[in-house]
Amino acid sequence: MKKTGQVATSALMIKPSVKIPQVWPAAANVKQTGTVPGARSFDTIAAQQPAGFTRVLNAAAGQGSNPSDATAAVFEGSATITPPPGYTPGGELSGTLFFLTPRRDEAKYLSKPAQGGAAFTYLVPLVYSTKAGAPVRAVAQHIKNAFTEPGTTKPVNANKKVPGSTVQTPLRRLYHDNARRKKNRSTAVSICKKVFGDDYARGGKECDEYPFATTYEGCAQTTYEPSAPKNSFSVLPLAKKDNGNAGNLLGQFMTLNRILDGDDDGFYVTIR
């Protein structure tokens with residue numbers, strides 16, 4: 001903080017306040033600790049050491065959403081200014097800063113050794129590259145085609161709109177329901193056989209599917225969610241090595257970004 005001119009900053013008072021306007025889940029009890037100072041002068045705040053004050057948010061375990069016991073909150077810090085006597089200031093005399101606190105979870109499948117962790121609750125992109133020599137190039141080209149020319153992909157669906165290209169249509173991680181993951185995979189393989197023939201894997205190929213079998217939007221989505229759009233996915237035989245490289249990158253991405261199973265989290269895919 002810096003003073004310029006002749007303003008009587010020793011009498012310019014600044015009062016902070018804090019609140020938690022939103023918590024997820026709504027029933028979770030998030031407590032605050034740490035003292036919020038009262039109104040102090042500009043000069044007092046500018047000279048204080050250390051600068052600022054600390055506020056800690058705590059939520060007891062067991063209050064989060066299932067199955068990962070995830071809890072998150074919005075924290076707002078505000079300040080109100082009272083001008084020195086005799087001064088008529090222009091501009092705003094109050095303001096609020098928005099802080100999206102890290103989401104805490106107990107998803108032990110995301111940590112080694114197994115324990116909970118925290119991550120900021122922003123949707124992040126999984127980046128695949130179509131550049132020459134990229135280990136995931138073939139899969140990236142398949143997904144790019146599904147995004148840009150979905151009507152040309154298999155199975156045939158003139159109105160196909162595959163999800164996952166934007167934050168408005170994210171993919172949700174599927175971890176706990178192993179049977180559904182297997183169903184996603186078997187559905188993709190059955191379509192590959194139907195469209196490309198029983199020998200589609202000849203020459204060391206695999207059936208590559210998008211959206212991924214490890215997401216709720218996988219090929220069997222309508223089996224579990226009848227209201228979901230039908231045939232909004234794409235399958236294509238690709239080299240086993242390329243398919244494996246893309247799968248490894250997907251797994252690393254989910255772990256490093258703490259992507260949770262279910263509706264409380266999501267991600268999207270960017271093709272470069």
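That block above? That's the structure.
Procedures and definitions
- Residues numbered from 1 in each chain as written.
- Predicted model: local features only at pLDDT ≥ 70, side-chain atom pairs only at ≥ 80, totals over all residues.
- Heavy atoms only, no water.
- Disulfide = S-S within 2.5 Å.
- Helix = DSSP H or I, 4+ residues; strand = E, 2+ residues; numbered from the N terminus.
- Buried < 20%, exposed > 50% of the residue type's maximum accessible area, 1.4 Å probe, protein only.
- Core = buried A, V, L, I, M, F, W, Y, C linked by side-chain atoms within 4.5 Å.
- Contact = heavy atoms within 4.5 Å.
- Salt bridge = Lys/Arg side-chain N within 4 Å of Asp/Glu carboxyl O.
- Pairing = 2+ DSSP bridges.

Asks: How should I be thinking about the state of the cysteines in this particular structure?
Replies: By definition, a disulfide links the sulfur atoms of two cysteine residues through a covalent bond. The final tally for this structure, using the stated rule, is one disulfide. Put simply, cysteine 192 and cysteine 207 are joined by a disulfide, and their sulfur atoms are 2.1 Å apart. Here the disulfide of cysteine 192 and cysteine 207 is right-handed, its torsion about the S-S bond being about 80°. Of this pair, cysteine 192 sits in helix α3 (residues 178–196) while cysteine 207 sits in strand β10 (residues 205–210); the two residues are 15 residues apart in sequence, bridging distant segments of the chain. What makes cysteine 207 buried here is its relative accessible area of 0%. The structure places no disulfide on cysteine 219, whose sulfur is separated from the nearest cysteine sulfur, that of cysteine 207, by 7.2 Å.

Asks: Just to check I follow, could you spell out the environment of alanine 27 for this structure?
Replies: Residue placement: alanine 27 occurs in the loop between β1 (13–24) and β2 (30–33). Sequence spacing of alanine 27 and aspartate 242 is 215 residues, and the spatial spacing of their C-alpha atoms is 45 Å.

Asks: Would you take a moment to explain the nonpolar core for this structure?
Replies: Core analysis: the largest hydrophobic core is formed by 20 residues, its most contacted members being Leu126, Tyr128, Phe212, Phe267 and Val269. Looking at this core, the elements with two or more residues in it are β9 (124–128), α2 (137–148), α5 (240–256) and β12 (267–271). Examining the composition of this core, we find that five residues originate from one element, α2, more than from any other. Those residues in contact with tyrosine 128, other than ones at most four positions away along the chain, are Val136, Val139, Ala140, Ile143, Phe212, Ala246, Leu249, Leu250, Thr270, Ile271 and Arg272.

Asks: What am I meant to see in the pattern of salt bridges here?
Replies: Opposite charge on two side chains allows them to pair when their charged atoms are near. Counting across every chain of the model gives 12 salt bridges. A salt bridge links arginine 172 to glutamate 217, with the nearest nitrogen and oxygen atoms 2.6 Å apart. Taken together, the residues arginine 172 in the loop between α2 and α3 and glutamate 217 in the loop between β10 and α4 (221–224) connect sequence positions 45 residues apart. Glutamate 217 shares its class with arginine 172; the two are buried. For glutamate 225, the salt bridge goes to arginine 172, with nearest N and O atoms at 3.1 Å. Separated by 53 residues along the polypeptide, glutamate 225 in the loop between α4 and β11 (234–239) and arginine 172 in the loop between α2 and α3 bring together distant segments of the chain. Judged by its relative accessible area of 22%, glutamate 225 is partly exposed. Given the relative accessible area of 16%, arginine 172 is considered buried. Members of the salt-bridge network, linked through shared partners, are Arg172, Arg180, Glu217, Glu225 and Asp263.

Asks: Any chance you could explain the sheet that holds β1 here in plain terms?
Replies: Hydrogen bonds between backbone groups are what pair the strands of a sheet, and the pairing can be parallel or antiparallel. Strand order in the open sheet formed by four strands is β3-β1-β5-β6, and the pairing between neighbours is antiparallel. Of all the strands in the sheet, the pair left with one neighbour each is β3 (40–41) and β6 (94–100).

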